[in-house]
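Inside the fold
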Amino acid sequence: DYSSCSDSASKAETKCWQALESRKWDHVAWREAYVYSQLMLIAVDIMKDTTTTTTTTTTTKDQQQQDNLKSAIKRVDLSIILGAPAHIMNPLSLFIEKHMDLSVINSTSHLPSVSFSFDKDSLLSNLPSINPSRQIKIEENLSIEDFISKYFKKREPVIIKGATKDWPAFSKWTEMNYFISQYGHRTIPIELGKHDHRNSGKWKEDLTTLTEFILKYIVPSCTSSHKGEP
């Protein structure tokens, strides 16, 4: 039954994670065993019977099911981080997300609108000057034929201006809430620390959701009050 399966997988998960966290494990089998424990627990999360809950409201049962799926997708991400094969985990994550209410889980209605921006003039003013004869040519609306004849065959570099302006990412990726709405529920590894010779050894790894990372680190860095904290 689900209970005994969950208990066995949880024990395996704890044992493997203790070995991995100690950094004294001497074989990749510890990582593989941890991934197998996650796959078992993912199956439990997905198939867990919400009808056995002591609550009776449909809303509560639906919420419990969503919580189970959120737990499952986090286990998928942990498995990917530890090297689980993509050809197994990617279809599994798509299956889980298909049944998740992402419009609610990743709602951005309560979040500030945060976009990437920078002062181009200020940035360029700090760059060294380049001899005009050595500057790379800039082209706009360059055809593939002209690119091949004028630059590719001559092995000359060229900057193609505006070539990505019609790409969807050109507009979507400038807005942080886009990433939250699409991927905010996913768990990611991050490294925390400062690029400072006095703190060169004070780096640590952590796990967080993409939403938490954006709100805790990206949003403050985009505000005028940001002081440069790690």
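Now for a look at the structure at hand. (Residues numbered from 1 in each chain as written. Predicted model: local features only at pLDDT ≥ 70, side-chain atom pairs only at ≥ 80, totals over all residues. Heavy atoms only, no water.)

1. A look at the pattern of salt bridges
The condition that has to hold: We count a salt bridge whenever a side-chain nitrogen from Lys or Arg sits within 4 Å of a carboxyl oxygen from Asp or Glu. Think of it this way: any DSSP run of H or I at least four residues long counts as a helix, any run of E at least two long counts as a strand, and we number them from the N terminus. Categorising residues by exposure relies on relative accessible area from a 1.4 Å probe, with only protein chains included: less than 20% of the type maximum marks a residue as buried, more than 50% marks it as exposed, and the intermediate range marks it as partly exposed.
Summed over all chains, the structure comprises five salt bridges. Residue Glu 13 pairs with Arg 75 through a salt bridge whose shortest N-O separation is 2.9 Å. Of the two residues, Glu 13 is situated in helix H1 (residues 2-22) and Arg 75 in helix H3 (residues 58-81); the sequence distance between them amounts to 62 residues. Close ionic contact of Asp 77 with Arg 186 constitutes a salt bridge, the shortest N to O distance being 2.5 Å. Here Asp 77 is found in helix H3, whereas its partner Arg 186 is found in the loop between helix H9 (176-183) and strand S3 (187-192), with 109 residues between them in sequence. By the burial criterion, Asp 77 is buried, and Arg 186 matches it. If you follow the salt bridges from partner to partner, you end up with Glu 13, Asp 45 and Arg 75 in one network.

2. A short note on the nonpolar core
In plain terms, the rule: What we call a nonpolar core is a set of buried Ala, Val, Leu, Ile, Met, Phe, Trp, Tyr and Cys residues that are connected through their side-chain atoms within 4.5 Å. Contact criterion: two residues are considered in contact whenever any of their non-hydrogen atoms come within 4.5 Å of each other.
Of all hydrophobic cores here, the largest spans 17 residues; its most connected members are Tyr 34, Ile 42, Val 76, Met 89, Leu 92, Ile 96 and Met 100. Contributions of two or more residues to this core are made by H1, helix H2 (29-47), H3 and helix H4 (86-98). In terms of residue count, H3 provides more of this core than any other element does, five residues in total. Excluding residues within four positions of it along the chain, Met 89 makes contact with Leu 39, Ile 42, Val 76, Ser 79, Ile 80 and Ala 84. Within the second largest apolar cluster, nine residues are counted, among which are Ile 180, Leu 210, Ile 214 and Ile 218.

3. Side note on the side chain of Gln 38
Relative to the assigned elements, Gln 38 resides in helix H2. Judged by relative accessible area, which is 0%, Gln 38 ranks as buried. Excluding anything up to four places from it in sequence, Gln 38 contacts Glu 13, Arg 75, Leu 78 and Ser 79.

4. Some remarks on the environment of Cys 5
Looking at the secondary structure, you find Cys 5 in helix H1. For the pair Cys 5 and Val 44, spaced 39 residues apart in sequence, the C-alpha separation works out to 7.6 Å. With near-sequence residues (within four places) excluded, Cys 5 lies in contact with Met 40 and Val 44.

5. Focus: the packing of aromatic side chains
Quick note on the threshold: Two aromatic rings from Phe, Tyr or Trp, using only the six-membered ring of Trp, form a pair when their centres are within 6.5 Å; if the ring planes differ by under 30 degrees the pair is stacked, by over 60 it is edge-to-face, and anything between is tilted.
Tallied over the full model, the rule gives five aromatic pairs. Here Phe 147 and Phe 152 contribute two aromatic rings whose centre-to-centre distance is 6.3 Å and whose plane-to-plane angle is 40°, an arrangement assigned as tilted. On the basis of relative accessibility, which here comes to 25%, the residue Phe 147 falls in the partly exposed class. Consider the rings of Trp 173 and Phe 179, whose centres lie 6.1 Å apart with planes at 45°: the pair is tilted. Taken together, the aromatic side chains of Trp 173, Tyr 178 and Phe 179 make up a single cluster linked through ring pairs.

Honestly, that's just the spatial picture; any functional story needs more than this.
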